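Overview (structure and organization)
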Amino acid sequence: MQYINIANQGVKSLSPYQAGKPIEELERELGISNIIKLASNENPFGFPESAKRAINAQLNQLTRYPDANGFELKQTIAQKFGVQPNQITLGNGSNDLLELFAHTFASEHDEVIYSQYAFIVYPLVTKAINAVAKEIPAKNWGHDLNGFLAALSDKTKLIYIANPNNPTGNFLTEQEIDAFLAQIPETVIVVLDEAYTEFTQKEERIDSFSLLKKYPNLIVSRSLSKAYGLAGLRIGYAVSNPEIADLLNRVRQPFNCNALALTAAVAVMNDDHFVEKVAENNRSEMIRYETFCQKHNLEYIPSKGNFITINFKQPAAPIYDALLHEGVIVRPIAGYGMPNHLRISIGLPEENDRFFTALSKVLHLPLIK
Ligand SMILES: *Cc1c(COP(=O)(O)O)cnc(C)c1O
């Protein structure tokens with residue numbers, strides 16, 4: 001018996017998600033220590049102290065089920081952003097939410113639109129429910145929204161937009177998003193995935209929650225894994241109109257967010273100082289990466305995220321391997337159809353120095369930082 005034969009049609013075309021290599025695995029494989037990981041867009045400052053304190057206070061409550069409605073976290077998010085608690089849906093990471101949107105709104109043979117080189121979870125959830133994937137060819141590695149419009153049909157149920165996009169870092173302005181939404185029928189759900197929004201400058205950041213007032217078919221999804229530093233706990237949130245939130249709430253698992261994640265999220269959402277520090281490091285270190293690439297004639301995709309993607313114009317796998325031997329883990333993105341690129345997550349200044357030194361050695365470049 002080959003069980004793939006009885007799997008649902010869409011599942012047959014899936015391959016497992018390729019995560020960044022864990023530090024412990026590289027230690028075991030190469031027997032080296034002092035490894036740095038710049039591979040999964042995690043927070044280089046580590047787990048926030050505010051979240052640690054909140055978790056410690058919660059530890060003796062773990063025998064109880066978590067609050068299925070996430071009351072306190074929804075209140076916190078609502079106050080912080082001026083939205084209503086009944087607009088909010090919580091997820092076990094925003095991945096959970098991205099999947100929930102597909103389960104709630106799309107069925108077999110419905111069409112789901114997303115961009116080439118966009119976050120790989122969109123094709124994954126689309127195919128897993130046997131919906132039809134409409135992948136729109138990218139323009140300059142980013143979303144071609146005119147291509148999206150041209151692909152609309154009466155079967156379109158869902159559109160995913162990552163802004164900034166991962167793994168390319170491309171960014172669409174509020175004007176572009178607004179003009180796009182104005183042309184989308186209300187019967188099509190548009191997901192704006194803003195996992196990296198905290199890394200954009202305040203003045204360019206999209207006021208996506210006010211767009212919700214104009215577009216009832218919009219869902220904004222956010223993550224606490226990146227700027228907020230809670231990747232290991234798994235927590236994210238979506239904001240939409242209350243009717244959509246109610247539907248999502250029917251489909252989600254009753255206890256999809258664990259008690260430690262809920263309490264840590266409340267603490268860190270009130271910890272503006274932490275997020276500011278993270279974003280500031282990202283801004284100044286991103287400039288160092290850009291300067292490094294320019295000095296060495298390395299082509300990169302300008303990024304509004306906490307990572308930068310470099311085009312080596314040759315297969316990047318050997319460069320990735322050589323960097324591993326230098327104790328530096330970055331992210332190959334051949335699985336995205338970008339075999340000549342590597343994605344590097346912006347780390348602390350000393351980690352980025354390690355990367356600059358390692359890459360210079362691997363590519364036989366003169367060491368100029
Ligand atoms: C990292 C990421 C997410 C989600 O991360 P979670 O840890 O599940 O919250 C969502 N979208 C994009 C584009 C991402 O890069």
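Residues numbered from 1 in each chain as written. Predicted model: local features only at pLDDT ≥ 70, side-chain atom pairs only at ≥ 80, totals over all residues. Heavy atoms only, no water.

What to know about the pattern of salt bridges
Within this structure, the stated rule accounts for 16 salt bridges. Here Lys21 and Glu25 are joined by a salt bridge, their closest N and O atoms 2.9 Å apart. Accessibility expressed as a relative area gives 14% for Lys21, which makes it buried. Of the residues examined, Glu25 reaches a relative accessible area of 26% and is grouped as partly exposed. (Salt bridge = Lys/Arg side-chain N within 4 Å of Asp/Glu carboxyl O. Buried < 20%, exposed > 50% of the residue type's maximum accessible area, 1.4 Å probe, protein only.)

Brief notes about the UniProt feature "domain: Aminotransferase class I/classII large" (unreviewed entry) in the protein
Using the residue numbers shown here, the UniProt feature "domain: Aminotransferase class I/classII large" (unreviewed entry) corresponds to residues 34-355. Secondary structure across residues 34-355 divides into 39% helix and 18% strand, with the first and last C-alpha atoms of the span separated by 13 Å. (UniProt positions renumbered as here; feature names shortened; annotations may be inferred. Helix = DSSP H or I, 4+ residues; strand = E, 2+ residues; numbered from the N terminus.)

Description of the packing of aromatic side chains
Across all of its chains, the model carries 14 aromatic pairs by this definition. Look at Phe119 and Tyr122: their rings are 5.8 Å apart centre to centre, the planes differ by 80°, and that puts the pair in the edge-to-face class. Accessibility classification places Phe119 together with Tyr122 in one group, the buried group. An aromatic cluster of three or more residues is present, and its members are Tyr114, Phe119, Tyr122 and Tyr160. Positioned over the ring face of Phe307 is Arg343, at 5.8 Å from the centre of the ring. (Phe/Tyr/Trp six-rings, centres within 6.5 Å; stacked < 30°, edge-to-face > 60°. Lys NZ or Arg CZ within 6 Å of the ring centre and 35° of its normal.)

Looking at the UniProt feature "modified residue: N6-(pyridoxal phosphate)lysine" (unreviewed entry) in the protein
The UniProt record annotates "modified residue: N6-(pyridoxal phosphate)lysine" (unreviewed entry) at Lys226. Mapping Lys226 onto the fold places it in the loop between strand S7 (218-223) and strand S8 (236-239). Not counting residues within four places of it along the chain, the set of residues in contact with Lys226 comprises Ser40, Asn41, Asn43, Ala195, Tyr196, Phe199 and Asn306. (Contact = heavy atoms within 4.5 Å.)

Looking at unusual backbone geometry
Between Asn163 and the following residue, Pro164, the backbone shows a cis peptide bond with an omega angle of -5°. Positionally, Pro164 belongs in the loop between strand S5 (156-162) and helix H8 (174-181). Residue Asn166 is joined to Pro167 through a cis peptide bond whose omega torsion reads 20°. Along the chain, Pro167 falls in the loop between S5 and H8. Of note, Asn140 is a non-glycine position whose phi angle comes to about 50°, a positive value. Secondary-structure assignment places Asn140 in the loop between strand S4 (132-136) and helix H7 (145-151). Judged by its relative accessible area of 64%, Asn140 is exposed. The phi angle at His364 is positive, at roughly 55°, despite the residue not being glycine. Here His364 lies in the segment after helix H14 (349-362).

A few points about a nonpolar patch on the surface
On the surface, a cluster of nonpolar side chains totalling about 420 Å² of accessible area is made up of Met1, Tyr3 and Ile6. Here Ile6 lies in the segment before helix H1 (9-12). (Patch = residues over 30% accessible without salt bridge, like charges linked within 9 Å, V, L, I, M, F, W, Y side chains within 5 Å. Areas by Shrake-Rupley, 256 points an atom, 1.4 Å probe, with all protein chains shown as cover.)

Considering the environment of Glu42
Residue position: Glu42 is located in the loop between strand S1 (36-37) and helix H3 (49-58). Classification of Glu42 as partly exposed rests on a relative accessible area of 35%. Here the alpha-carbon distance between Glu42 and Glu290, two residues 248 residues apart in the chain, equals 20 Å. Residue contacts for Glu42: discarding those within four places in its chain leaves Lys37 and Asn306.

Side note on the side chain of His341
Residue placement: His341 occurs in strand S13 (residues 338-345). For His341, a relative accessible area of 3% gives the class buried.

Let's talk about the sheet that holds strand S12 (residues 331-333)
Taken together, four strands build an open sheet; the order of strands is S9-S10-S13-S12 and the sheet is antiparallel. Single-partner strands in this sheet number two, and they are strand S9 (299-301) and S12. Shown here is a sheet whose adjacent strand axes are inclined to one another by a mean of 35°, direction ignored. Where S12 lies against S13, three bridges are found, and the strand directions are antiparallel. Bridge assignment links Ile333 to a residue of S13, and that residue is Met338. (Pairing = 2+ DSSP bridges. Axes fitted to C-alpha atoms, helices over the stretch in contact; angles between N-to-C directions.)

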